[in-house]
Amino acid sequence: MARNKNAAATTQSKAGEKSGNRRRDNAERSAHFARREAAKVLRLVLEGDARRRAVGSIKSLVYSPSVRNKKGTFFLVCQTLKHLSVIKEVLEVANVLNSKWKKQEELVFIITYDILFGQAILSTGDAEKFLWRRKDSLLLALATLLKRRQVKNVQELLAINQTHDDPKPRYVRVNTLKMDVESAILELEKQYSVQKDDVLPDLLILPPGTDLHNHPLVATGTIFMQGKASSMVAAALAPKPGWEVLDACSAPGNKTVHLAALMRGKGKVIACELNKERVNRLNDTVRLSGASNIKVLHGDFLKLYPMDPSHSKIRAILLDPSCSGSGTASVRLDHLLPSYAAGHATNVGEEDRLNKLAAFQRKALEHALSFPAVERIVYSTCSIHRIENEDVIKSVLPLAASHGFHLETPFPQWTRRGLPIFEGAENLLRTDPVEDKEGFFIALFVRRVVDSGGPSAASSKAFVNENKEHAVPRVHANLFKSWSRAQLIWRNSCSLKCG
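So, a few notes on the structure that sits alongside this text.

Procedures and definitions
Residues numbered from 1 in each chain as written. Predicted model: local features only at pLDDT ≥ 70, side-chain atom pairs only at ≥ 80, totals over all residues. Heavy atoms only, no water. Helix = DSSP H or I, 4+ residues; strand = E, 2+ residues; numbered from the N terminus. Buried < 20%, exposed > 50% of the residue type's maximum accessible area, 1.4 Å probe, protein only. Contact = heavy atoms within 4.5 Å. Areas by Shrake-Rupley, 256 points an atom, 1.4 Å probe, with all protein chains shown as cover. Pairing = 2+ DSSP bridges. Phe/Tyr/Trp six-rings, centres within 6.5 Å; stacked < 30°, edge-to-face > 60°. Lys NZ or Arg CZ within 6 Å of the ring centre and 35° of its normal. Disulfide = S-S within 2.5 Å. Salt bridge = Lys/Arg side-chain N within 4 Å of Asp/Glu carboxyl O. Right-handed = clockwise from strand over helix to strand, strands pointing away. Axes fitted to C-alpha atoms, helices over the stretch in contact; angles between N-to-C directions. Parallel < 35°, antiparallel > 145°, perpendicular 65-115°, else oblique. Left-handed = near helix turned anticlockwise from the far one by under 90°. Nonpolar A, V, L, I, M, F, W, Y, C, P; charged D, E, K, R; others polar.

Along its length, the protein chain carries 19 helices and 12 strands. Considering the protein chain as a whole, with its 499 residues, one finds that 46% of them fall into the buried category. Long-range pairs, those at least 24 residues apart, make up 72% of the contacts in the protein chain between residues at least 6 apart in sequence. Carbon and sulfur atoms form 53% of the exposed surface of the protein chain, whose accessible area is close to 26200 Å².

Let us now look at the sheet that holds strand β4 (residues 223-224). Strand order in the open sheet made by the 4 strands is β2-β3-β1-β4, with antiparallel pairing throughout. Of all strands in the sheet, those bounded by a partner on one side alone are β2 (195-196) and β4. Note that β2 and strand β3 (residues 203-206) share 2 bridges and pair antiparallel. Each bridged residue has a counterpart across the sheet, and for lysine 196 the counterpart in β3 is leucine 204.

Counting through the fold element by element, valine 269 comes out in strand β6 (residues 268-273). Those residues within four positions of valine 269 in sequence are excluded, and the remaining contacts are Val245, Thr256, Leu259, Ala260, Met263, Asn293, Ile294 and Lys295.

Two measures describe an aromatic ring pair: the distance that separates the ring centres and the angle between the ring planes. The full count for this structure, using the stated rule, is 4 aromatic pairs. Arranged with centres 6.1 Å apart and planes meeting at 10°, the rings of phenylalanine 301 and phenylalanine 371 form a pair that is stacked. Of this pair, phenylalanine 301 sits in the loop between β7 (294-298) and β8 (314-319) while phenylalanine 371 sits in the loop between α16 (350-369) and β9 (376-381); the two residues are 70 residues apart in sequence, bridging distant segments of the chain. One exposure class covers both phenylalanine 301 and phenylalanine 371, and it is buried. Arranged with centres 6.4 Å apart and planes meeting at 75°, the rings of tyrosine 379 and phenylalanine 441 form a pair that is edge-to-face. Residue tyrosine 379 is found in strand β9, and its partner phenylalanine 441 is found in strand β12 (residues 441-447); the two are separated by 62 residues along the sequence. Relative accessible area serves as the criterion here: at 0%, tyrosine 379 is assigned to the buried category. Taking relative accessible area as the criterion, phenylalanine 441 reaches 0% and is therefore assigned buried. One residue, arginine 134, lies across the ring of phenylalanine 130, its end atom 3.7 Å from the ring centre.

For the rest of this paragraph, the subject is the state of the cysteines. Evaluated as defined, the whole model comprises 0 disulfides. Between cysteine 249, a free cysteine, and cysteine 272, which holds the nearest cysteine sulfur, the sulfur-to-sulfur gap is 7.2 Å. Unpaired in terms of disulfides, cysteine 382 finds its nearest cysteine sulfur in cysteine 323, a separation of 3.4 Å.

The next subject is the pattern of salt bridges. A side chain of one charge can pair with a side chain of the opposite charge when the charged atoms of the two come close. Counted under the stated rule, the structure contains 18 salt bridges. The partner of arginine 35 in a salt bridge is aspartate 114, and the shortest N-O contact between them spans 2.9 Å. With arginine 35 in helix α1 (residues 2-51) and aspartate 114 in helix α6 (residues 105-117), this residue pair connects regions lying 79 residues apart in the sequence. Assigned by exposure class, arginine 35 and aspartate 114 land together as buried. The salt bridge involving aspartate 352 is made with lysine 356; its shortest N-O contact spans 3.4 Å. Residue aspartate 352 and its partner lysine 356 are located together in helix α16, separated by 4 residues, close to a single helical turn. Judged by its relative accessible area of 41%, aspartate 352 falls in the partly exposed class. Sharing partners across several salt bridges, the network here consists of Arg35, Arg36, Asp114 and Glu128.

Right, let's talk about the pairing of strand β5 (residues 244-247) for a bit. Side chains of β5 alternate between two faces, with Glu244 and Leu246 and Val245 and Asp247 buried alike. Of the strand pairs in this sheet, β5 and β6 are connected by 4 bridges, and their pairing is parallel. Across the sheet, the residue bridging to leucine 246 is isoleucine 270, located in β6. Tracing the backbone out of β5, into helix α13 (residues 254-262) and back to the parallel element β6 gives a crossover that is right-handed.

A pair of packed helices is characterised by two quantities: the angle between their axes and the separation of those axes. Between helix α12 (residues 228-237) and α13, the shortest axis-to-axis distance is 9 Å and the interhelical angle comes to 45°. The angle between α12 and α13 falls in the class oblique. Crossing angle aside, the handedness with which α12 passes α13 is right-handed. Residues Ser230, Ser231, Val233, Ala234, Ala235 and Leu237 of α12 form the contact with α13, whose participating residues are Lys255, His258, Leu259 and Leu262. Classifying every residue of the contact of α12 with α13 gives 6 nonpolar, 3 polar and 1 charged.

So, on to unusual backbone geometry. Peptide bonds are, in most cases, trans, and in most cases residues other than glycine have a negative phi. In this structure, proline 252 follows alanine 251 across a cis peptide bond, with omega equal to 5°. As for its position among the elements, proline 252 is in the loop between β5 and α13. One non-glycine residue with positive phi stands out, namely arginine 264, at about 60°. Secondary-structure assignment places arginine 264 in the loop between α13 and β6. You will see that phenylalanine 411, though not glycine, has its phi angle at about 50°, which is positive. In this fold, phenylalanine 411 is placed in the loop between β10 (405-408) and β11 (429-430).

Listed below in structure tokens is the structure:
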């Protein structure tokens, strides 16, 4: 009897051991894939930061549908970036990397973080095994670094450049193409406290720190985690269902799919984006939203010919061009990026960069104003700098007036307005990075139109009155149209041959 009991206990012990090993293997395998997902995101973040042209914010890259373990990836990327300056110096002091692993530095950074500050054992994966065998050298290098900086621990070292932000509410925008607002509230209230926003009817407010990474409504594109100021941009344009709308600088696509929802899936949204990687991100966002009225165009907005017949029905343009991002630095977690620390230390080249951005922004806005059938244009940035905002608007006002455009006031109930540097600046909208937790700028241009739906009634009438002696006689109208069409074909042919 005792022998049978011992045998049963031994069998049970072995079964428990196998079960434990299996759980450990699964955990290690999961961690192995999480590090590689994090390394891919980290590579995009660091490459974009080095070029000062991000594919997307840290959050938007992590929330991409291609990332499976969003919570784990977000944690690893943020923690590795937080410790990145320390990790780089440790690797340099330890001098353990050969040319093979230097080519995979993002993965090396992630694993080194785990070895020094994260998980205790790494046994799955060639990179993990390579660095784990050199753990003692890495720890010795860390101790040398702390002694050199005259600090007691890593926390003291990190505290030198650490920033603290006030908590902000979690905003979510309901994708009304998939669910109505009231149904979304009922679903979210099963777990969270939910309020409606007082400005935007499709925006909901949840408590600060609400974790929605793995929530089914986020995973299915039923709600989008989008800030209030960002959500105000498409709403300011207010396109009507059935319109043709151009989103000039579209990626990552949150504003694009918001346009589609405001249009109730009717009409067409042309989503233009130049950068190939950002086009991929844009396509992911469009697929997630379920919008069927969005056409993604991989190309340069500045090279779109306004008089092309294919653009003759565009009635609204959303222009959210590349900007400094100074108004969303904390939201985007820019304080974790290498350029942030370097910029705060030296601020080298920032003025030159702002001047170049403003020149591009002005050129893009002038181009948007030249589309003949457009009635509404929204220009927006996530910048706090006057040079990217009021100065750009002021510089195009004469051109805008010549095309029949004037500034109108988006969200009249909003109290924070443009800097008073020219008459009409009170029509501009600003959000404050402290009060509103984001610093955005919105300008709305509207063109006067006639009841018949003409693209620019007042400006067209003025043009005819001022140029009667040059007007084309009615008898020759068809001949003139044929000549114009021939000129357009010749011009397009020339651009194809010369481009």
